[in-house]
Each structure stands twice: as structure tokens, then as C-alpha cells.
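Take a look at the letters that make up each chain.
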Amino acid sequence: MEKSRQFLAVLCLFASAALPCWAQKGSPPDEPPEASGRVDAEFLQAADEVLAEMSKLLSLPIREPLKKSVRSREEIRQFLLRQMREDKDDTKRYADQKALEALGLIPKGYPLDEKLVALLTEQIAGLYDPKQREFFIADWTQPAEQRLIMAHELTHALQDQYFHVEKWEDEVKSNDDAQLARESVLEGSAMVAMIDYLLRASGKSSRDIQDFDPSMLVGDVNDSPELAQAPLVIQDEITFPYIPGAAFVQRALRAWNGWPDMHRLFENPPASTQQILHPDLYFRGVMPAQIDLATLTKVVPRGWKKLDENVLGEFAVNEILKQFLGKEQAEAIAPSWAGDRYAIYQRESGMQILLLIRLKLSDEAAATRFFGAYHNLLEKKDQTRTAESQRQNFFSFNTPDGGVFLRCHGAECLIAEGATQAIFDAMISAVHWPPAPPAIPQSDKPAITVQHRAASPVKAAFRTLVSPPGAETSIPAYSLH
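Report on the accompanying structure.

Definitions and limits used
Residues numbered from 1 in each chain as written. Predicted model: local features only at pLDDT ≥ 70, side-chain atom pairs only at ≥ 80, totals over all residues. Heavy atoms only, no water. Helix = DSSP H or I, 4+ residues; strand = E, 2+ residues; numbered from the N terminus. Areas by Shrake-Rupley, 256 points an atom, 1.4 Å probe, with all protein chains shown as cover. Phe/Tyr/Trp six-rings, centres within 6.5 Å; stacked < 30°, edge-to-face > 60°. Lys NZ or Arg CZ within 6 Å of the ring centre and 35° of its normal. Core = buried A, V, L, I, M, F, W, Y, C linked by side-chain atoms within 4.5 Å. Buried < 20%, exposed > 50% of the residue type's maximum accessible area, 1.4 Å probe, protein only. Disulfide = S-S within 2.5 Å. Pairing = 2+ DSSP bridges. Expected span 1.5 Å × (residues − 1). Bend = angle between axes of the 7 residues up to and from the residue. Axes fitted to C-alpha atoms, helices over the stretch in contact; angles between N-to-C directions. Contact = heavy atoms within 4.5 Å.

## What about the overall build of the chain?
Then comes step 1: What the chain contains, in helices and strands, is 19 helices and 11 strands.
Then comes step 2: Per element, the accessible surface of the chain, about 19,800 Å² overall, is 50% carbon and sulfur.

Structure representation (C-alpha cells):
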């Protein structure tokens with residue numbers, strides 16, 4: 001088979017929930033005039049044919065005509081920049097930037113806006129816009145490649161006609177983890193639909209694949225220079241809806257009656273990335289615990305402005321652990337996540353950040369393992385700490401940006417970074433945990449990091465289609481959104 005671009009699942013980050021969240025505070029550059037929206041007869045005929053095929057495959061009859069156009073790379077880039085402005089306000093985007101920095105997932109001052117625009121410019125090949133109900137395709141895509149792009153994007157278009165995907169995602173707008181789970185339904189279903197489109201002449205479908213591994217369709221991240229240079233959390237969140245999302249959807253289609261039952265995922269969507277990663281939890285109805293931060297936030301002194309309050313989820317907890325402890329330990333610890341809530345504050349008189357996380361684990365033993373792992377993580381995160389103090393299920397130290405505290409009790413853990421001892425003691429009292437034994441600082445000198453071993457190894461506004469240059473595969477493959 002002739003050389004073709006390999007399918008790389010990127011840009012989930014740039015959907016309704018993700019693109020604006022990661023963008024840096026400030027406005028993107030001014031855009032040029034509206035796109036021309038060029039069309040040609042061959043493109044229109046192909047799009048209409050693929051739309052009809054996907055309608056039959058998905059058991060979703062076409063309800064209304066679909067706008068279709070060909071756009072230049074720059075026109076698509078400017079469209080996406082407008083979405084960055086419209087879909088999230090600066091306050092939320094700034095809060096997400098500060099949360100990522102506080103968690104150690106991106107360097108402080110990382111130019112997210114600039115980097116994301118560069119990545120978009122490199123990657124975009126096509127997209128579906130639910131606001132205008134229009135499908136775009138990039139004018140640089142080859143005719144032989146366009147139908148596969150269409151199969152993915154027109155799946156979004158058909159689902160939008162039935163399930164109103166933008167409104168559906170906005171139902172959980174205040175919960176980033178739940179939004180990523182819903183994004184995984186959208187992108188995962190479009191991935192599986194694309195595979196079924198490829199298999200349509202064989203009489204087989206993705207439901208016939210026993211050991212379904214969508215990661216086999218994913219190209220090498222190094223084939224995309226901008227993506228390869230992005231922080232690990234961006235790389236992972238970009239691919240998450242496509243890979244675990246596709247595996248989750250294929251599992252649902254096999255458990256049910258295929259595409260005619262797809263509506264069940266929209267009527268009863270997964271509540272967390274944990275349910276995407278572990279589909280059995282979804283089918284058993286195991287829901288994440290609802291964590292209340294009200295008692296903790298009430299004791300935050302005046303002079304601190306809350307930037308955001310949100311949910312990390314198993315995906316983000318895994319990312320934090322993996323960033324400092326490696327993939328193996330992260331995948332051993334993170335699945336014991338049972339629920340969380342975090343808040344991020346900034347001192348009104350300066351730039352100091354206060355990060356609070358209240359985390360519930362599956363049981364007390366899991367909380368003990370998490371404590372050991374996160375203790376090690378905090379040591380790696382700040383190797384110039386002073387006034388270190390530790391005892392059973394409690395660890396603290398000082399930094400130039402404030403005190404860092406980790407305390408676990410029962411099946412819960414509480415983390416505060418940028419706090420004071422008085423603030424943390426007030427929080428412990430507010431949640432009615434017994435006081436920890438008196439702290440005895442080990443030293444006022446910079447601490448030395450010591451490797452600790454855990455007790456036992458344990459955790460749209462639009463749709464974007466992309467393809468990295470130069471990869472080779474036996475099946476034409478494209479990055480989808």
C-alpha cells in the first residue's frame with residue numbers, strides 16, 4: 001500500500017472543554033476577515049455520500065442539511081482562535097493555568113497560548129462546528145484521505161442532530177473530569193465509527209474485534225514536532241478521548257445492541273474519567289464520591305481570592321503521580337481514587353498561590369499507600385524545602401511560596417500548598433479530624449531528597465481532525481477530533 005499519513009489522535013484538548021482551559025490569560029491575536037468557505041463539486045459529492053453511509057452505519061437518519069466548506073490552514077486557525085475567545089473567559093483560563101503550575105504539570109510561566117496556536121497550525125486537517133452546524137475540511141488534504149476524515153467528523157454531525165452535543169457537554173461545565181469523560185464518548189464513538197466505516201465492505205465491524213486496542217492506530221508523537229515538545233499532561237489529555245474513549249465505546253457497543261443503542265451513552269453518560277478507564281465501574285453504576293470543600297474554604301483567611309473550584313479525577317491524579325513518580329507507580333496508585341475536589345486561590349496583594357485538594361480513596365489501606373507515594377512526590381517536587389516535619393500520615397515543610405502539608409485520615413487525604421500552619425490546623429479542625437502529634441522540625445537547612453518505597457506497589461465547541469506528517473501505515477489513518 002502506498003505511503004500515507006498515520007493516524008494520530010490529537011487535539012481533544014482543543015474541544016469545548018479543553019482548548020480554552022489550557023489557554024494562557026490574555027487575548028489571542030486579532031483575526032483576519034471571515035473565511036471564504038469555498039466549496040467544490042467533488043468535495044460536496046464525497047461529503048454527501050459519506051454522510052449517507054455514516055447515517056446508515058450509525059442508525060441515525062439525517063434530520064437536516066449540513067453546511068460544508070473547504071478552508072485554508074490559516075482560515076481554520078483563525079476560526080479556532082475565535083473559539084478560544086468565546087468558549088472560556090479569561091478568569092477560567094487563568095485559573096487553569098495556575099492550577100497546572102501549582103500541581104507541577106507545566107513550568108511556571110509556560111506560554112500555553114503561543115504553544116497551542118502553534119500546535120493547532122501544525123495539526124488541523126478538518127473539524128465539525130456544532131455552533132454553526134458546519135463541517136470544514138482543510139484544503140491541503142488529499143482527495144483519497146478526505147473520506148476517512150469525513151467518516152469521523154460526520155459522526156459528530158449526526159450525533160449533534162440527535163443529542164445536541166454542545167449543550168450535552170455543557171451540562172457538566174463545572175466539572176472538568178466529567179467533561180473529559182463526555183468528550184471521550186464523543187471522540188471514542190467517532191473513532192469506532194471510523195473503524196466500522198473502513199470495515200464496511202468486509203461484513204465485519206469493531207464489535208468483532210476481541211482484543212480491541214485503539215492505541216495501535218496512534219502514530220508516534222515524535223512525528224508531530226509541536227506535540228512532541230508539549231508537556232506530558234497536554235500530550236496525554238490530547239489522546240485520552242480517542243484511546244481510552246474508543247475502548248470504552250467499543251465495550252459498550254459489544255455489551256449492548258451496537259449502534260442502535262448508542263443513545264444510552266448520551267442518556268446516561270459516564271460520570272468520570274475513572275468510568276472511561278474502567279468500564280466495569282460504569283456498567284455496575286459505581287459513581288465517584290461527592291466531595292464537599294465548603295468547610296475547608298470557609299477557613300481560608302481574607303485576602304485570598306478563589307480562582308476556581310473543580311475536580312481532578314483519576315486521569316489528572318494519574319498525571320500528577322506520573323509526572324514525578326513514573327508511569328508504573330502512577331498506574332498502581334491512581335485507580336484507588338474514589339473522588340476529589342480542589343480549590344485554587346491567589347493572594348489579592350500579590351502572586352502567591354494556595355492550592356487545596358481533598359481526596360477520597362477506595363479504603364484506608366489505599367489512603368496509606370497514597371500518602372507514601374505523595375510524600376515521595378512532594379520531596380521530588382521541591383528539593384530545596386526547609387523545616388521538614390513528618391510523622392504517621394502527616395508530612396509538611398516550608399518553601400519560599402508558603403507551607404506544604406499532606407495529611408491522611410481514614411480513607412481521605414488533604415493536601416495544602418502555599419498555606420500556613422494555622423490555616424492547615426484550622427482545616428483539620430473544620431473536617432473534625434483528630435489533631436496530629438506536635439511537629440518537630442528536623443532541620444532548617446535545605447532538605448535532601450530520600451527515595452521512599454511504598455508499602456506495596458499500587459492509580460466541543462468543535463471537533464478537530466488532524467494528521468502528523470510523514471508517518472507510514474497499512475491503513476490510512478488520521479488524527480481526529
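## Looking at the packing of aromatic side chains
Then comes step 1: Overall, the coordinates contain 13 aromatic pairs when judged by the stated rule.
Then comes step 2: Ring geometry for phenylalanine 248 against tyrosine 282: centres 5.3 Å apart, planes inclined by 75 degrees, an arrangement best described as edge-to-face. Within this pair, whereas phenylalanine 248 is found in helix H11 (residues 243-255), its partner tyrosine 282 is found in helix H14 (residues 279-284), the two being separated by 34 residues in sequence.
Then comes step 3: Members of the aromatic cluster, joined through ring pairs, are Tyr162, Phe163, Trp168 and Phe266.
Then comes step 4: Lying across the ring of tyrosine 197, arginine 200 places its NZ or CZ 3.8 Å from the centre.

## A look at the nonpolar core
Then comes step 1: By size, the foremost hydrophobic cluster in this structure holds 59 residues, and its most contacted members are Met54 and Leu265.
Then comes step 2: No other element matches the 10 residues that helix H8 (residues 176-198) contributes to this core.
Then comes step 3: The next biggest cluster of nonpolar side chains, apart from the first, holds 50 residues, and it includes Ile106, Ala330, Ala366 and Ala373.

## Side note on the state of the cysteines
Then comes step 1: According to the stated counting rule, one finds 1 disulfide in the structure shown.
Then comes step 2: Disulfide pairing is shown between cysteine 408 and cysteine 413; the S-S distance is 2.0 Å. Measuring the twist about the S-S bond at about 105 degrees, one finds the cysteine 408-cysteine 413 disulfide to be right-handed. Across the pair, exposure class does not vary: cysteine 408 and cysteine 413 are buried alike.

## As for the pairing of strand E8 (residues 394-399)
Then comes step 1: Of all 6 residues that make up E8, 5 are buried, and the element is covered over most of its length.
Then comes step 2: As paired strands, strand E7 (residues 386-391) and E8 are joined by 4 bridges and run antiparallel to one another. If you follow serine 389 over to E8, its bridge partner there is serine 396.
Then comes step 3: The hairpin formed by E7 and E8 contains 2 residues between the paired strands, and asparagine 393 there has a positive phi angle of roughly 55 degrees.

## Section: helix H6 (residues 143-163)
Then comes step 1: Helix length check: H6 (21 residues) gives 30 Å between terminal C-alpha atoms against 30 Å at 1.5 Å per residue, within 8%.
Then comes step 2: The largest bend in H6 amounts to roughly 25 degrees and is located at alanine 151.
Then comes step 3: The buried count for H6 comes to 17 of 21 residues, which makes it a mostly enclosed element.
Then comes step 4: Of the residues one or two after H6, histidine 164 is the one with positive phi, at around 50 degrees.

## A closer look at the sheet that holds E8
Then comes step 1: Judged by pairing direction, the sheet is antiparallel, and its 7 strands sit side by side in the order E4-E5-E6-E10-E9-E8-E7 without closing on themselves. With one partner strand each, in any of the chains shown, strand E4 (304-310) and E7 form the two edges of the open sheet. When the angles between neighbouring strand axes are averaged without regard to direction, this sheet yields 10 degrees.
Then comes step 2: As defined by bridge partners, E4 adjoins strand E5 (residues 337-347) across 6 bridges and the pair is classed as antiparallel. Within E5, the position partnered with aspartate 308 by the bridge is isoleucine 344.
Then comes step 3: Taken strand by strand, helix H18 (residues 364-381) contacts strand E6 (353-361), E7, E8, strand E9 (402-409) and strand E10 (412-419), and its axis lies near 20 degrees from that of E10.

## Points about the environment of aspartate 177
Then comes step 1: Here aspartate 177 is to be found in helix H8.
Then comes step 2: Sequence separation of aspartate 177 and glutamate 314 is 137 residues, and the distance between their C-alpha atoms is 8.2 Å.

Structural measurements only, silent on function.
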